[in-house]
There are 2 protein chains.
Amino acid sequence: MALSVSDPQTVLEQFLRALRTRVDTRLGELLPGPTHPQDPIAAAMREGTLAPGKRIRPLLLLLALQDFDRLDEGAFDIACALEMIHAASLFLDDMPCMDDASLRRGRPTIHVQFGEDIAILAAVALLSHAFSVAACAQGVAHPVRTQMVCLLSQAIGSQGLVRGQYFDLREGRQQRPLDAIANANQLKTGSLFTAALEMAALFARCDVRQRNLLRGFAVELGHAFQLLDDLDDSMSSQQTGKDSGKDDGKSTVISLLGADATRQLLKEHVRYAEDHLARLGLAGGLLSQLLDRLFARAR
Amino acid sequence: MALSVSDPQTVLEQFLRALRTRVDTRLGELLPGPTHPQDPIAAAMREGTLAPGKRIRPLLLLLALQDFDRLDEGAFDIACALEMIHAASLFLDDMPCMDDASLRRGRPTIHVQFGEDIAILAAVALLSHAFSVAACAQGVAHPVRTQMVCLLSQAIGSQGLVRGQYFDLREGRQQRPLDAIANANQLKTGSLFTAALEMAALFARCDVRQRNLLRGFAVELGHAFQLLDDLDDSMSSQQTGKDSGKDDGKSTVISLLGADATRQLLKEHVRYAEDHLARLGLAGGLLSQLLDRLFARAR
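The rules behind these values
Every chain's residues receive numbers from 1 upward, in the order its sequence appears when written. By the order in which they are written, chains take letters starting at A while ligands take numbers starting at 1. Reporting of local features is limited, given that this is a predicted model, to residues whose pLDDT is at least 70; pairs of side-chain atoms are given and counted only at 80 or more, and all residues count toward the totals for whole chains, interfaces and linings. Excluding hydrogens and water, the side-chain figures rest on all heavy atoms present in the structure. UniProt positions are given in the numbering used here, feature names are shortened, and annotations may be inferred rather than shown by experiment. Numbering goes from the N terminus for both helices and strands, where a helix is a DSSP run of H or I of at least four residues and a strand is a run of E of at least two. Only the C-alpha atoms count toward the radius of gyration. The rule for a globule is 2.2 Å times the residue count to the power 0.38. With a 1.4 Å probe rolled over the protein chains alone, any residue whose accessible area is under 20% of its type maximum counts as buried; one over 50% counts as exposed, and the rest are partly exposed. Here a residue-residue contact requires only that any non-hydrogen atoms of the pair lie within 4.5 Å. Buried area is understood as the total, over both parts, of accessible area removed when two parts are fitted together, assessed with a 1.4 Å probe. The salt bridge criterion pairs a side-chain nitrogen of Lys or Arg with a carboxyl oxygen of Asp or Glu, the two atoms within 4 Å. Distance and chemistry together define a polar contact, namely a pair of N or O atoms within 3.5 Å, with one atom able to donate a hydrogen and the other to accept it when in protein, and with adjacent residues in sequence counting only for side-chain atoms on both sides. A helix is expected to span 1.5 Å for every residue after the first. Least squares is the method used to superpose the copies, on C-alpha atoms of residues holding a pLDDT of at least 70 in both. pLDDT expresses, on a scale from 0 to 100, how confident the predictor is about each individual residue. Axis definition: a line fit to C-alpha positions, over the contact stretch in the case of helices; interaxial angles, taken between N-to-C directions, run 0 to 180 degrees. In these notes the angle categories are as follows: under 35 degrees is roughly parallel, over 145 is roughly antiparallel, 65 to 115 is roughly perpendicular, and the rest is oblique. Each crossing is labelled by how the near helix is turned from the far one, with a counterclockwise turn of less than a right angle marking it left-handed and a clockwise turn marking it right-handed. Note on patches: the residues involved have over 30% relative accessible area and no salt bridge, like charges join within 9 Å, and the nonpolar side chains Val, Leu, Ile, Met, Phe, Trp and Tyr join within 5 Å. Surface accessibility in these figures is a Shrake-Rupley result with a 1.4 Å probe; residues are shielded only by whichever protein chains are displayed. Any Phe, Tyr or Trp ring, taking Trp's six-membered ring, that has another such ring centre within 6.5 Å forms a pair; planes under 30 degrees apart are called stacked, those over 60 apart edge-to-face, and the others tilted. Cation placement over rings: the criterion is NZ of Lys or CZ of Arg within 6 Å of the ring centroid and within 35° of the ring normal. In this description, a disulfide is simply a cysteine sulfur pair whose atoms lie within 2.5 Å. Buried Ala, Val, Leu, Ile, Met, Phe, Trp, Tyr and Cys residues form a nonpolar core when they are joined through side-chain atoms within 4.5 Å. Only four residue types enter the tally: Lys and Arg on the positive side, Asp and Glu on the negative side; His and the chain ends are excluded. Note on residue classes: Ala, Val, Leu, Ile, Met, Phe, Trp, Tyr, Cys and Pro are nonpolar, Asp, Glu, Lys and Arg are charged, and everything else, Gly too, is polar.

Going by an unreviewed UniProt entry, chain A carries the name Polyprenyl synthetase family protein and comes from Stutzerimonas azotifigens. Its UniProt record gives chain A the following Sequence similarities (unreviewed entry) comment, quoted word for word: "Belongs to the FPP/GGPP synthase family."

Rendered as structure tokens:
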């Protein structure tokens, strides 16, 4: 995609908006259609995936590819697979037996709208659909497709999102040392960020060094993002569109270090993330601009 | 695998036992290890998948391949992926917000043993692991792997197991015509049977006619199997290892036609299934013998 460089801030905004629109359009095509009025599974899948959101995971993949000048049509399907998995993980995290959340992205959570059974079934349908989207990605070689399926599986599975959610649920109520909290945060948030950037590395045919740096960037970004989320949780739900105070009584970095030190730690992770991009020769590129934009209010 | 033909009944028994043992051994290797004593996700994944069971879905794949003289090592991984998906679907079907079952395979259900949160997380981990097992199957060409991922996704997703469970949950309590019950049964039970036999067709490089006949066999078998399950439900839990009477008040084929007519219908489906095998030139083969054995008590 062509990208002019005049007025970087406006250009970035327009470009992000254009990418999000394309992702949402493609998501709408890939998800089961809203044809049958009494099909709550399709409705829940669409509602939870197409609800307004930042689309960070798709953007990470797409901006990385644009930075490497390798962005093409096939990447949008993979971006959609990432967003489907993210949406499915939110359906399940919000369930009464997990975080018991009633508000998400400014709307009632999926189990509140459709019932717990539909929330589970729609999450399973979204997860399995994401794998098929990756396995069937047009214009992508079969060995790349199978590697993408494996990356997505790792990101979700017993050493990925699932493990992060488990740590949060079962250990989050006890006092934990900082590294245990950081590890849980990394699994919960960093897993899909890492998958997005590993897939960018695959698409852009990066060498091992570049791939490691992209992975390192993803890890730092994951830490920073989760810290920002924790700081947001202490704000009102009007500002975040989520239940506020869900972290009350939970051992987070804020409960351990306080808000100021958390903000300081966040800045460090952002700086490390920027370092990784600089070593990739991507300082000032789109990923770097996204980073600036995401964390501007934390500085 | 070599198979002698003397004393067919004993030989079949021995062969089935050998296949089940190999499937269970490979499942044990593929599932996350029981190394960490306080890892309930791995424990739930192992407990629910390795609990004694008929392993019908793996057997369908493996026996079909043996009938086509195409059984090799790589097929066992795919057989395990099928069993993982089946186990995950049972974890979720048994949840309080679904069928609310407390007993399965003679043991407390997964959410009873480990909690609802772990049951959901372990099911998600099993599902995503199954996709990675299919995508990484050793000795299998990449285009075959991507097709298998797509077949598994179809079998699970919004037009597969998920849809069948939805019909059962939301429409099962109302009066339904016979074809609506048959359709729900087919989605719940036939989806993975069909995937198993479609994957056998892929591995054995079947032509379109053979593939259609295998799919037809799977559909008939799915109907017969679900009818047998319904008949079993009216029996005591000692005999089935599951909660009995879970179908009370549910619109099943038995509630519509009575037990005798259900048994008659079951026999018809078994006969149609046999017809499909005969047209494939597999009359008297291993699939055919399995069919005999599964439904002997219904005759």
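We are not done yet, so read on.
**Q** Please explain the overall build of chain A as it appears in this structure.
**A** Tallying secondary structure elements over chain A gives 14 helices and two strands in all. A compact globule built from 299 residues would reach a C-alpha radius of gyration of about 19 Å, and chain A, at 19 Å, matches this within 12%. Expressed as lengths along the three principal axes of its C-alpha atoms, the size of chain A is roughly 50 × 45 × 35 Å. Per-residue burial over chain A gives 60% buried out of 299 residues.

**Q** Would you mind going over the interface of chain A and chain B with me for this structure?
**A** The figure often quoted for interface size is the accessible area lost as the parts come together. Contact with chain A, which involves 41 residues of that partner, is made by 41 residues of chain B. When chain A packs against chain B, the two sides together hide about 3,400 Å² of surface, and 74% of this comes from carbon and sulfur. At the junction of chain A with chain B, the criterion picks out four salt bridges. Counting across the interface, chain A meets chain B through ten residue pairs in polar contact (both at pLDDT 80 or more). When contributions to the side of chain A that touches chain B are tallied by element, the ones reaching two or more residues are α2 (40–50), α6 (116–135), α7 (142–156) and α8 (161–171) of chain A. If you tally residues by element for the side of chain A that touches chain B, the top one is α6(A), at 13 residues.

**Q** Would you take a moment to explain helix α1 (residues 8–30) of chain B for this structure?
**A** Three or four residues apart is the spacing at which side chains of an α-helix point the same way, because the helix has 3.6 residues per turn. Residue and element names in this part refer to chain B. Under the 1.5 Å per step criterion, the end-to-end length of α1 is 32 Å for 23 residues, consistent within 8% with the ideal 33 Å. Of the residues making up α1, those classed as buried are Val11, Leu12, Phe15, Leu16, Leu19, Val23, Leu27 and Leu30. Looking at the buried residues of α1, the elements they touch are α2 (40–50), α3 (56–67), α4 (73–93), α6 (116–135) and α14 (286–295).

**Q** Just to check I follow, could you spell out the pattern of salt bridges for this structure?
**A** When their charged atoms lie close together, side chains carrying opposite charge are able to pair. Residue and element names in this part refer to chain A. Counted according to the given criterion, the structure contains 34 salt bridges over all chains. Where arginine 55 meets aspartate 24, a salt bridge forms, and the shortest distance between an N and an O atom there is 2.7 Å. Of the two residues, arginine 55 sits in the loop between α2 and α3 (56–67) while aspartate 24 sits in helix α1 (residues 8–30), which places them 31 residues apart along the sequence. Taking relative accessible area as the criterion, arginine 55 reaches 2% and is therefore assigned buried. A residue is classified by how much of its surface remains accessible, and aspartate 24, at 27% relative accessible area, is partly exposed. Arginine 26 is the partner of glutamate 29 in a salt bridge, and the nearest nitrogen-oxygen pair spans 2.8 Å. Remark: arginine 26 and glutamate 29 occur in helix α1; sequence separation between them is three residues, near one turn of the helix. The class for glutamate 29 is exposed, based on a relative accessible area of 52%.

**Q** Hey, could you run me through the relation of the copies chain A and chain B in this one?
**A** Superposing chain A onto chain B requires a rotation of 180° together with a translation of 0.0 Å along the rotation axis, leaving an RMSD of 0.0 Å. This pairing of chains is accounted for by a two-fold axis. The C-alpha atom lying nearest the rotation axis in chain A is that of His142(A); the distance is 2.8 Å. In this assembly, 100% of the residues forming the interface of chain A have copies in chain B that are likewise at the interface, indicating an isologous arrangement.

**Q** Can you help me understand the confidence of the model for chain A in this one?
**A** Note that predicted coordinates carrying low pLDDT should not be read in detail. Counting all residues, the mean pLDDT for chain A is 91, and 92% of those residues have values of 70 or more. Taking the mean pLDDT of every element in chain A, the minimum, 54, falls on helix α11 (residues 237–240) of chain A and the maximum, 98, on α3(A).

**Q** Just checking my understanding: could you explain the packing of helix α4 (residues 73–93) of chain A against α6(A) for this structure?
**A** Helix packing for two helices is described by the angle between their axes and how far apart those axes are. Residue and element names in this part refer to chain A. Their axes nearest at 8 Å, the elements α4 and α6 cross at an angle of 160°. The angle between the axes of α4 and α6 places the two elements in the roughly antiparallel class. The two elements α4 and α6 meet at a crossing, and its hand is left-handed. Contacts between α4 and α6 pair Asp77, Ile78, Ala81, Met84, Ile85, Ala87, Ala88, Phe91 and Leu92 from the former with Ala119, Ile120, Ala122, Ala123, Leu126, Leu127, His129, Ala130, Val133 and Ala134 from the latter.

**Q** So what exactly am I meant to see when it comes to a nonpolar patch on the surface here?
**A** Residues and elements named next belong to chain A. There is a patch of nonpolar side chains on the surface, built from Leu178, Leu256 and Leu257 and spanning about 210 Å² of accessible area. Positionally, leucine 178 belongs in helix α9 (residues 178–203). On the accessibility criterion, leucine 178 (32% relative accessible area) is partly exposed.

**Q** What's the story with the packing of aromatic side chains in this structure? I'm lost.
**A** Any pair of aromatic rings gets described here by the distance separating the centres and the angle formed by the planes. Residues and elements named next belong to chain A. A full pass over the atoms with the stated rule returns five aromatic pairs over all chains. Summarising the aromatic geometry, the rings of tyrosine 166 and phenylalanine 167 are spaced 5.9 Å apart at their centres and angled 45° between planes, so their arrangement reads as tilted. Residues tyrosine 166 and phenylalanine 167 agree in their burial class; the two are buried. A cation over an aromatic ring shows up here: arginine 163 above the ring of phenylalanine 167, its NZ or CZ 5.9 Å from the ring centre.

**Q** What exactly am I supposed to notice about the state of the cysteines here?
**A** Working definition: the covalent bond between the sulfur atoms of two cysteines is a disulfide. Counted according to the given criterion, the structure contains zero disulfides over all chains. As a non-bridged cysteine, Cys97(B) has Cys97(A) as the owner of its nearest cysteine sulfur, 7.8 Å distant.

**Q** What exactly am I supposed to notice about helix α14 (residues 286–295) of chain A here?
**A** With seven of its ten residues buried, α14(A) lies for the most part within the structure. Looking at α14(A), one finds that the buried residues are Leu286(A), Leu287(A), Ser288(A), Leu290(A), Leu291(A), Leu294(A) and Phe295(A).

**Q** Explanation requested: the nonpolar core in the structure shown.
**A** Nonpolar side chains in soluble globular proteins generally cluster together in the buried interior. Ranked by internal contacts, the top residues of the largest apolar core, which has 217 residues, are Ile120(A), Met148(A), Phe295(A), Ile120(B), Met148(B) and Phe295(B). In this view, Met148(B) contacts Ile78(B), Ala134(B), Ala137(B), Val140(B), Met199(B), Leu202(B) and Phe203(B); residues no more than four positions away in its chain are not counted.

**Q** How should the side chain of Ser251(A) be read in this particular structure?
**A** Residue and element names in this part refer to chain A. The residue serine 251 is located in the loop between α11 and α12 (253–257) in this model. According to the relative accessible area criterion, serine 251 is buried, its value standing at 4%. At a separation of 2.9 Å, a polar atom in the side chain of serine 251 contacts the main-chain carbonyl oxygen of glutamine 174. With residues up to four places along the chain from it excluded, the contact list for serine 251 reads Glu171, Gly172, Gln174, Gln175, Arg176 and Ile181.

**Q** Just to check I follow, could you spell out the side chain of Glu220(B) for this structure?
**A** Its location among the elements puts Glu220(B) in helix α10 (residues 208–233). Despite its burial, Glu220(B) remains without a salt bridge, the nearest opposite charge being carried by Arg279(B) at 9.1 Å.

**Q** What is the right way to read the packing of α3(A) against α14(A) from this model?
**A** Residues and elements named next belong to chain A. Between α3 and α14, the shortest axis-to-axis distance is 8 Å and the interhelical angle comes to 145°. The residues of α14 that touch α3, namely those facing Ile56, Leu59, Leu60, Leu63, Ala64, Gln66 and Asp67, are Leu286, Leu287, Leu290 and Leu294. Looking at the contact of α3 with α14, its residues break down into nine nonpolar, one polar and one charged.

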